[in-house]
Amino acid sequence: MASIHSSNEDIEAKELDTRSVSSSRNHSQGAPYIHKVGVPPKQNLFKEFSNTVKETFFSDDPLRPFKHQPKSRKLILGVQAIFPIFEWGRGYNLLKFRGDLIAGLTIASLCIPQDIGYAKLANLAPQYGLYSSFVPPLIYAIMGSSRDIAIGPVAVVSLLLGTLLQNEIDPVKNPDDYRRLAFTATFFAGITQATLGILRMGFLIDFLSHAAIVGFMGGAAITIALQQLKGFLGIQKFTKKTDIVSVMQSVFHSAHHGWNWQTIVIGVSFLSFLLLAKYIFLSDFTCSGEQGKKKKNLFWVPAIAPLISVILSTFFVYITHAEKDGVAIVRHIEKGINPPSVNEIFFTGDYLAKGFKIGVVAGMVALTEAIAIGRTFASMKDYQLDGNKEMVALGTMNIVGSMTSCYVATGSFSRSAVNYYAGCETAVSNIVMSVVVFLTLQFITPLFKYTPNAILAAIIISAVINLVDFQAAILIWKIDKFDFVACMGAFFGVIFASVEIGLLIAVSISFAKILLQVTRPRTAILGKIPRTNVYRNIQQYPEATKVPGVMIVRIDSAVYFSNSNYIKERILRWLVDEEEQLKEAYLPSIQFLIVEMSPVTDIDTSGIHALEELHRGLQKRDIQLVLANPGPVVIDKIHASHVATLIGEDRIFLTVADAVSSCSLKLVEEA
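Residues numbered from 1 in each chain as written. Predicted model: local features only at pLDDT ≥ 70, side-chain atom pairs only at ≥ 80, totals over all residues. Heavy atoms only, no water.

### Things to note about the side chain of Asp 148
Note the following rule: For helices the rule is a DSSP run of H or I covering at least 4 residues; for strands it is a run of E covering at least 2, with both sets numbered from the N terminus onward. Exposure categories follow from relative accessible area, calculated using a 1.4 Å probe and restricted to protein chains: below 20% of the type maximum is buried, above 50% is exposed, and the middle band is partly exposed. For the purposes of these results, a polar contact is taken to be a pair of N or O atoms within 3.5 Å, where, inside protein, one atom must be able to donate a hydrogen and its partner to accept one; residues adjacent in sequence count only when each atom of the pair is a side-chain atom. Should any heavy atoms of two residues lie within 4.5 Å, those residues are considered in contact.
Secondary-structure assignment places Asp 148 in the loop between helix H7 (135-143) and strand E1 (150-152). Its relative accessible area of 0% is what places Asp 148 among the buried residues. Of note is the side chain of Asp 148, whose polar atom sits 2.8 Å from the side chain of Tyr 383. Contact partners of Asp 148, with chain neighbours within four places excluded, come to Phe 377, Lys 381, Tyr 383, Ser 416, Asn 419, Tyr 420 and Cys 424.

This is the structure in structure tokens:
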């Protein structure tokens, strides 16, 4: 039995050795040693499939903490995974609470005036903005994994939601159905976010490129600022369109009879104050030394400036009765906390599909913004942010929010920045902010009656200015021109068409870039770097020399059905061009084509078919095809398809140097 077993092992070893042979001829005396290309052992189909699924959906190995744990511990870990507050809450102390209290009070002073303005941006009554900064932050504090993100309504999502909703229902003629559609959209935004998190499909939001986001955010910021000209200038009749042409026409047409000078004075004065306060804060980013340390203590200046502006402008209007001279004021904010709104959500009827469509779009934009903000501050504090947990938390808070009279809430960059610099330690700062908003709704809202709309416009303009990131756009131009096209396409789409058109352009260009890179991968001709055995792109290294009688081409991509035909034709074009140059220079023609396959991570049946066609095409030209360093997946498929036999296993090498050495020997022998 032992001899039979030994014999079987010898046979298997010989078969494996036969499959892994790729390059080698018998090693004769004096000839350089040429390594073989190893072929990985065959994997079980189920195991291979499960590994692929794991890397796609569970790359972060979320079940790792549960391994080798007793059932009681697994239960605790499961609760902590869903509600992270039970994990970090164990080590919470008074010192951390002090930082969270200061941060929470600071962002509350910023969020209250912003929320009133953002609600108007979404064409909703002011209290709905405050509602959205009461319930959602509480839910997020329990389920969220970010320590720094501040939750509430944001300008871009408010504008997007308001634009999409008013395309379906007029908020002035039918405010009740408009509000109900807003809650329905918020519900489906939450469902979308939570579903992506539960199914661990967070990678989908990465399809919207950074360049497209920069352009979209910049265009949205300008659109939002232009929309505020109505309140800033005191215009009564204003266009409902958001494109820059329609807005500026509306502004100039009302210049002679529609502008209110008292409103303009209020707006300009307080906008100047807000920008000055923001300058004091932002200068901290550029200063250094003792000056920098002193200015870091001024983080509260831009945070509290909006609330100071509201108090002063409200008091000014109240004592002067400027509303009688045409200064538009808030007039009324509903007192009391969030009323239930479950019965207002459209679960049937025509508006159900419309709410679903709007909710998916708003939810994805809100999710992209929140994840980007969360990752930014997580990297600054050097901790990991679980994107899928974030999605579940954001989705849950919006689902609950839709049932408590809230519209779509997400992470706010301006508030999160203030939260970070105010010294927040945990998500308790969101709870503190929520409590302050609760007290405001219960006791303070009547005091906002005389708040001028101009101050809300000024607050929103000062908040969105930073969304226009010129430095990022310049950097994108320097790094990647196609990315810059995507950035500008999204930017101009928003300001000259509409928010949804800009978003569509951003998504379309992002996908177009992916398709272009997949269908038209880079290829390069390689040459030998002098005094080395290294072969590199001759365009990058002009000193690299070509090998006589040999052409070396590198494929810089996986070979799939979408690009296999292009790669084959591109290689043949290189070959034709090279042969023409050699013929003109009276140099020996090409006899070997070496394809460097190190960057080729995978190949499908179309790619295999393209290799076969390339081999046959080269045979007609009396040129031999040689492969160098195919990866484990590629070499396995080459053997499985018998392409290795077709090309010749002695023509598959571990390195380009080995391939050139072998080809050069053959050229010498033939000569």
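Picking up where we left off.
### A short note on helix H9 (residues 175-198)
Under the convention used in this document: In this analysis, the expected span of each helix is defined as 1.5 Å times one less than the number of residues it contains.
Helix length check: H9 (24 residues) gives 34 Å between terminal C-alpha atoms against 34 Å at 1.5 Å per residue, within 8%. Burial analysis of H9 places 17 of its 24 residues in the buried class, which makes it a mostly covered element. Of the residues one or two after H9, Arg 200 is the one with positive phi, at around 55 degrees.

### Considerations on the pairing of strand E7 (residues 624-628)
Stated precisely, the cut-off is as follows: When the strands point away from the viewer and the connection leading from the first strand across the helix to the second strand turns clockwise, the crossover is called right-handed. Pairing between strands requires that DSSP locate at least two bridges from one strand to the other.
Counting buried positions along E7 yields 4 of 5 residues, so the element is predominantly enclosed. For the crossover that starts at strand E6 (residues 592-596), traverses helix H25 (residues 605-620) and ends in the parallel E7, the hand is right-handed. As defined by bridge partners, E7 adjoins strand E8 (residues 652-653) across 2 bridges and the pair is classed as parallel. Bridging from a neighbouring strand, Ala 628 pairs with Phe 653 of E8.

### Considering the packing of H7 against helix H19 (residues 428-444)
What counts, and what does not: Interaxial angle, 0 to 180 degrees, is taken between N-to-C directions of lines fitted to C-alpha atoms, where a helix line uses only the stretch in contact. Roughly parallel here means an angle under 35 degrees, roughly antiparallel means over 145, roughly perpendicular means 65 to 115, and every remaining angle is called oblique. In a left-handed crossing the near helix is turned counterclockwise from the far helix by less than a right angle, and in a right-handed crossing that turn is clockwise. For this classification, the nonpolar set comprises Ala, Val, Leu, Ile, Met, Phe, Trp, Tyr, Cys and Pro, the charged set comprises Asp, Glu, Lys and Arg, and every other residue, Gly included, is treated as polar.
Direction vectors running N to C along H7 and H19 enclose 160 degrees, while the axes themselves pass 8 Å from each other. Comparing their axes, H19 and H7 come out roughly antiparallel. For the element pair H7 and H19, the recorded crossing hand is left-handed. On H19, the residues touching Pro 137, Leu 138, Tyr 140 and Ala 141 of H7 are Asn 430, Ile 431, Met 433 and Ser 434. Its residues placed into classes, the contact of H7 with H19 shows 6 nonpolar, 2 polar and no charged.

### Structural notes on empty space enclosed by the protein
So the rule is basically this: Put simply, the grid is 1 Å and covers the protein atoms alone, a cavity is a trapped set of points that fit a 1.4 Å probe, a pocket is an open set with protein on both sides within 12 Å along at least five of seven lines, and lining residues have an atom within 4 Å of a point. Grid points are joined across faces, edges and corners, and a volume is the space filled by probe spheres set on the points.
In the structure shown here, the tally under the stated rule is 1 cavity of 30 Å³ or more. Empty space within the largest cavity amounts to approximately 80 Å³. If you trace the largest cavity, you find it lined by Ile 555, Val 559, Ser 564, Ile 567, Lys 568, Ile 571, Met 597, Ile 603, Gly 607, Ala 610, Leu 611 and Leu 614. For the lining of the largest cavity, the elements supplying multiple residues, two or more each, are helix H24 (564-584) and H25. Its residues placed into classes, the lining of the largest cavity shows 9 nonpolar, 2 polar and 1 charged.

### Quick notes on the sheet that holds E7
Within the open sheet, the 6 strands sit side by side as E4-E3-E5-E6-E7-E8. Their pairing is mixed. If you trace the sheet from one side to the other, it starts and ends with strand E4 (535-537) and E8, each paired once. Of the pairings in the sheet, the one linking E6 to E7 comprises 5 bridges and is parallel in character. From the neighbouring strand, Ile 594 faces E7, where its bridge partner is Val 626. Where H24 meets the sheet, it contacts strand E3 (523-528), strand E5 (550-555) and E6, and its direction lies at approximately 150 degrees from that of E5. In the packing of helix H28 (residues 656-670) onto the sheet, the strands contacted are E4, E5, E6, E7 and E8, and the crossing angle to E6 comes to about 175 degrees.

### Remarks on the nonpolar core
Test applied: For our purposes a nonpolar core is just a set of buried Ala, Val, Leu, Ile, Met, Phe, Trp, Tyr and Cys residues, chained together by side-chain atoms within 4.5 Å.
One finds Leu 161, Phe 216 and Ile 224 to be the most contacted residues of the largest nonpolar core, which totals 117 residues. Setting aside its immediate chain neighbours within four residues, Phe 216 contacts Val 156, Val 365, Ala 490, Phe 491, Val 494, Val 499, Gly 502 and Leu 503. If you look at the next biggest cluster of nonpolar residues, it comprises 33 residues, including Ile 555, Leu 582, Ile 603 and Ala 644.

### Remarks on the pattern of salt bridges
Note the threshold: A side-chain nitrogen of Lys or Arg and a carboxyl oxygen of Asp or Glu constitute a salt bridge if their distance falls within 4 Å.
Taken as a whole, this structure holds 14 salt bridges when the rule is applied. Note that Asp 556 is salt-bridged to Arg 554, the shortest N-O span being 2.7 Å. As a salt-bridge pair, Asp 602 and Lys 637 come within 2.9 Å of each other at their nearest N and O atoms. With Asp 602 in the loop between E6 and H25 and Lys 637 in helix H26 (residues 632-640), this pair connects stretches of sequence that are 35 residues apart. One salt-bridge network, held together by shared partners, links Glu 168, Lys 354 and Lys 357.

### Brief notes about the domain arrangement of the protein
Here is the rule: Domains are outlined according to an automatic or database domain assignment. Buried area is understood as the total, over both parts, of accessible area removed when two parts are fitted together, assessed with a 1.4 Å probe.
The assigned domain composition of the protein is domain 1 (6-26 + 520-670), domain 2 (45-82) and domain 3 (85-89 + 111-308 + 329-516). On the domain 2 side of the contact with domain 3, Phe 57, Gln 80 and Ile 82 bury the most area, a combined 56% of that side's loss. Contributions of two or more residues to the side of domain 2 that touches domain 3 are made by helix H2 (45-57) and helix H3 (71-82). Looking at the side of domain 2 that touches domain 3 residue by residue, the class counts come to 6 nonpolar, 2 polar and 1 charged.

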